[in-house]
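# An overview of the molecular structure
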Amino acid sequence: QLQLVESGGGLVQPGGSLRLSCAASGFRLDNYVISWFRQAPGKEREGVSCISSSGGSTNYADSVKGRFTISRDNAKNTVYLQMNSLKPEDTAVYYCAAGITYGCHYYGMNYWGKGTLVTVSS
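A brief look at the structure comes next. Owing to the predicted nature of the structure, the values given are computational and were not obtained by experimental measurement.

## Considering the overall build of the protein chain
Helix and strand counts for the protein chain come out as 0 helices and 11 strands. Of the regular secondary structure in the protein chain, the N- to C-terminal order runs β-β-β-β-β-β-β-β-β-β-β. Whereas a compact globule of 122 residues would reach a radius of gyration of roughly 14 Å, the protein chain reaches 13 Å, a difference of no more than 12%. If one aligns the C-alpha atoms of the protein chain with their principal axes, the spans along those axes are about 40 × 25 × 25 Å. A total of 122 residues make up the protein chain; the buried ones form 43% of that total. The long-range fraction of contacts in the protein chain, counting pairs at least 24 apart against all pairs at least 6 apart in sequence, stands at 60%. Looking at the protein chain as shown, the accessible area adds up to about 6,300 Å², and 47% of this sits on carbon and sulfur atoms. Charge centroids of the protein chain, computed over 11 positive and 8 negative side chains, lie 4 Å from each other.

## A short note on the pairing of strand β5 (residues 46–51)
In terms of strand pairing, strand β4 (residues 33–39) meets β5 through 5 bridges, oriented antiparallel. Residue pairing across strands places isoleucine 34 opposite isoleucine 51, the latter belonging to β5. What sits between the antiparallel neighbours β4 and β5 is a turn of 6 residues, in which glycine 42 has the positive phi angle 75°. For β5 and strand β6 (residues 58–60), the ladder comprises 3 bridges, and the chain directions are antiparallel.

## A few points about unusual backbone geometry
Trans is the common state for peptide bonds, and a negative phi is the common state for residues other than glycine. Backbone geometry places asparagine 77, a non-glycine residue, at a positive phi of 60°. Along the chain, the position of asparagine 77 falls in the loop between β7 (68–73) and β8 (78–83).

The rules we used
- Within any chain, residue numbers begin from 1 and follow the written order of that chain's sequence.
- Where totals are concerned, whole chains, interfaces and linings use all residues; where local detail is concerned, this predicted model gives features only for residues with pLDDT of at least 70, and gives and counts side-chain atom pairs only at 80 or more.
- Excluded from the side-chain calculation are hydrogens and water; included are all heavy atoms of the structure.
- Comment: elements are numbered from the N terminus, with helices defined as DSSP H or I runs of at least four residues and strands as E runs of at least two.
- Here the globule rule is a power law, 2.2 Å times the number of residues to the power 0.38, and the radius of gyration is based on C-alpha atoms.
- A 1.4 Å probe rolled over the protein chains alone gives each residue an accessible area, and that area as a share of the maximum for its type sets the label: buried under 20%, exposed over 50%, partly exposed in between.
- Between two residues, a contact is recorded if the distance between any of their heavy atoms is within 4.5 Å.
- Computed with the Shrake-Rupley method and a 1.4 Å probe, the accessible areas treat only the protein chains shown as cover for residues.
- By the counting scheme adopted, Arg and Lys are positive, Glu and Asp are negative, and His together with the chain ends is not counted.
- A charge is said to be at NZ when it belongs to Lys, at CZ for Arg, at CG for Asp and at CD for Glu.
- The pairing criterion for strands is at least two bridges between them, as found by DSSP.

Take a look at the structure:
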């Protein structure tokens, strides 16, 4: 009933762009902090970006600062991750997660999507 569904992944060349979407069903995203995570082949899962429930606070991992932008459209019950200047190191399965706490963080997430694969290769 309560689901998050990621979409927008795929194959892109280095330097290209993709926009990931995280759509919620069964609950209202406007009451949740949303975080994006990724897990690259052979590496541990890491936090990529987060956004507070109102959109007033955001955070980015050092590896993606200046290249990725997180945003939300609460009217559409959807959160986005715009990824520009993509590098092969960005190749990973990307997950979105929702938490009912305040602020912007990568812990205490209550709901998780199943992930979408992003492959950056020439």
